Every structure is written in C-alpha cells, then in structure tokens.
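Each chain is listed here by its residues.
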Amino acid sequence: MQRADGGLAKPRSGGQSAEPHSLTGKHLAEDVMAGVRAALGEWEAAEAFQPHLVSVLASSDPASAVYVEAKARRARKLGVAFSVRNLGAAATQDDLHAALDGLSRDDSVHGIMLELPLAPGLDADEALLHVAHRKDVEGLTPGNLALIAAGREPEALLPPTPRSVRFLLRSVLGDDLRGRRVAVVGPGRTVGRPLTFMLNNRGVTVTVCNEHTRDLGGVLAGVDAVVVAVGRAGLLRPEHVQPHHVVIDAGINVRDGGGVEGDAAPGLPVRAQSPVPGGVGPLTSALMYQNLVRAVRLQRGEPVE
C-alpha cells in the first residue's frame, strides 16, 4: 500500500537499530524493496510485463562503470530489464541530447538514468532537459524539481536521496512531520534544495544553512533535526549539536586509501545519527527502484498517491 509521500511501506516506529543512536536505512530499504517486488511480481504474473530501465553513459569514468554494473546485477535479480547506452567519452552534447530524446520517446523504455559525472565539456543540466520527467527515476530533471517546488509531489518522481532523508526523519520523529523544525546544511541541487521543498510540503519549518553559516551551533540549537549534505568531511562537530537532535548525514567523502565518510563526525552526542556508509545509501538505492514502479504507473495514466 502506498503512503502519501509515495512510499510502499510505513517506516518502522522508533527507527533506531539495536545499536544506540545508529539510524540505519537497511530495514526501511527492505520494506521498500518488498513493495517493489510485489508490484513487479503482479505485473509479471498478470501480463508478462517487465519494466525497462536504461543507464546512459557519456564518460570514461571507471567508477561510473562499476556503479552501472552493480545496478545491472540488482535489476536482473528483481526481474527488471536493464540496458546500457554507452556513448563513450568522445560523445558530443548533441549526441547525448539525441540519445536522451530517443529514449524519452521510446515506449519500451520506462526509466532513464544519466550517469554522472559526464565527460569534460558536457553539460549535465542541459542534458537533463532532454529526459522525459516521467522517466526520470532519479528525480533530477527540471520538470520534476518544479513539480516538487510547486507542492505537486503526487505528479512527480522524487529524488531518492532526499526521500531517504525524509523517511529516516519520519522513522524517529513520527510519520506526521507537521510543526517540526529541521535544519538543512548544504543547499545543493541534488539533495538540499529539493529536500527543503519536500520538507516544507510536509509542514516542516526549514532552516537552510551552508558551510559558511556563522555560529552554526547557535543556529541549530532550537531545531529538532539536522540534515547535512555539503560534501565536507567533519563539517558537523560535537559543539554544533544538542542531545535532542536527530542527525541525518547525506554527505559522501572519499577517504585517502579508500572508504567513505560523511559530513558529520561519527558518534555525535545526539538522540539518533545516521552512519556513513549504511544510513541514507541503502534506502536511496531501494527508492530508485520504487521510482521505476511509480514511473510505469504515471506513464500508463494509473492513479498514484
């Protein structure tokens, strides 16, 4: 059963794992994926239908190739048809636009992912203008972002990382976020900006900060939760937080020698904190596939919540 924010499952009450203060996304991701599998199974049984997801590459970035292969393996396990359109690092902006236009018009394609970063000289913002917003399973096109900003979320495909943040907040603060106060540190295009509108759409009072905000601890003192998504390791420190805070860390920073860390120092003295890795990430991946299910329904003209 879908919820008002497009979820297929209600977040578990409490939301914390057995480890104190650790707010992981694994159980929520499992709930979401159960709903995805159910929808895919119904389509397969009733009409032998498999959604078709296409990943578009236009670079020589080795990490992107690894990510695409991981997506392909998961898609195969789910029974989703997965294709790769690899234009190579020599692709021009026109080549990229033509490929995206073609996929957007192709009725056999139900979801499109533009893998970033693109090759030097290619403009991702221009390219996203050529992705049909109802096939934009990563929720990055101007069409989807405009619907979110206009308060028309039921018509949009929401970006999975901001949705992950909102799910995690609800798992601790309760399903009804109206009246809650949340600070978003980092008004970036892929997380902070859409999240600000998505929280406001749920009646949250949002304070927007950035890495240059003066007296960050003072600004954050009165809020219920802090979301940090800047891309600067150790930005949020113990002197910035209060014991009642819920901290959601959506930052990703690659350590020298491998591994990743978030924007918040680990083990902050707060009510709950999402770890990196293991917090937002697992849920983000699951919600992307949930977006594919939603995309199919929108393309078919079926009702969605």
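Just so it is clear, the structure is predicted and the values come from calculations on it, not from any experiment.

Student: Got a minute to help me understand the environment of glycine 218 in this structure?
Tutor: Following the sequence through the fold, glycine 218 ends up in helix α8 (residues 216-220). Taking relative accessible area as the criterion, glycine 218 reaches 41% and is therefore assigned partly exposed. Residues glycine 218 and arginine 202, 16 residues apart in the sequence, show an inter-C-alpha distance of 25 Å.

Student: What should I look at first to understand the packing of aromatic side chains in this one?
Tutor: Any two aromatic rings considered together are summarised by their centre-to-centre distance and by the angle between their planes. Counted under the stated rule, the structure contains one aromatic pair. When the ring centre of phenylalanine 49 is taken as origin, the NZ or CZ atom of arginine 300, which lies over that ring, is 4.6 Å away.

Student: Hey, could you run me through the sheet that holds strand β1 (residues 52-57) in this one?
Tutor: Strand order in the open sheet formed by three strands is β2-β1-β3, with parallel pairing between adjacent strands. A strand with exactly one partner marks an edge of an open sheet, and here the two such strands are β2 (81-86) and β3 (111-114). Between one strand and the next, the sheet's axes are offset by a mean angle of 20°, whatever the strand orientation. In the sheet, β1 pairs with β3 via four bridges, with the strands oriented parallel. The partner of valine 56 across the bridge, within β3, is leucine 114. Along the sheet, helix α2 (residues 62-78) makes contact with β1, β2 and β3, crossing β2 at roughly 160°.

Student: Help me out: how do you make sense of the pairing of β2 in this one?
Tutor: Note on strand geometry: in a regular strand, side chains alternate between the two faces of the sheet. The sheet contact formed by β1 and β2 spans six bridges and is parallel. Counted as the bridge partner of histidine 52 is alanine 81 from β2. Each parallel crossover has a hand, and for β1 linked through α2 to β2 it is right-handed.

Rules behind the numbers
- Residues numbered from 1 in each chain as written.
- Predicted model: local features only at pLDDT ≥ 70, side-chain atom pairs only at ≥ 80, totals over all residues.
- Heavy atoms only, no water.
- Helix = DSSP H or I, 4+ residues; strand = E, 2+ residues; numbered from the N terminus.
- Buried < 20%, exposed > 50% of the residue type's maximum accessible area, 1.4 Å probe, protein only.
- Phe/Tyr/Trp six-rings, centres within 6.5 Å; stacked < 30°, edge-to-face > 60°.
- Lys NZ or Arg CZ within 6 Å of the ring centre and 35° of its normal.
- Pairing = 2+ DSSP bridges.
- Axes fitted to C-alpha atoms, helices over the stretch in contact; angles between N-to-C directions.
- Contact = heavy atoms within 4.5 Å.
- Right-handed = clockwise from strand over helix to strand, strands pointing away.

In short, the description is geometric, and any link to function would need to be established separately.
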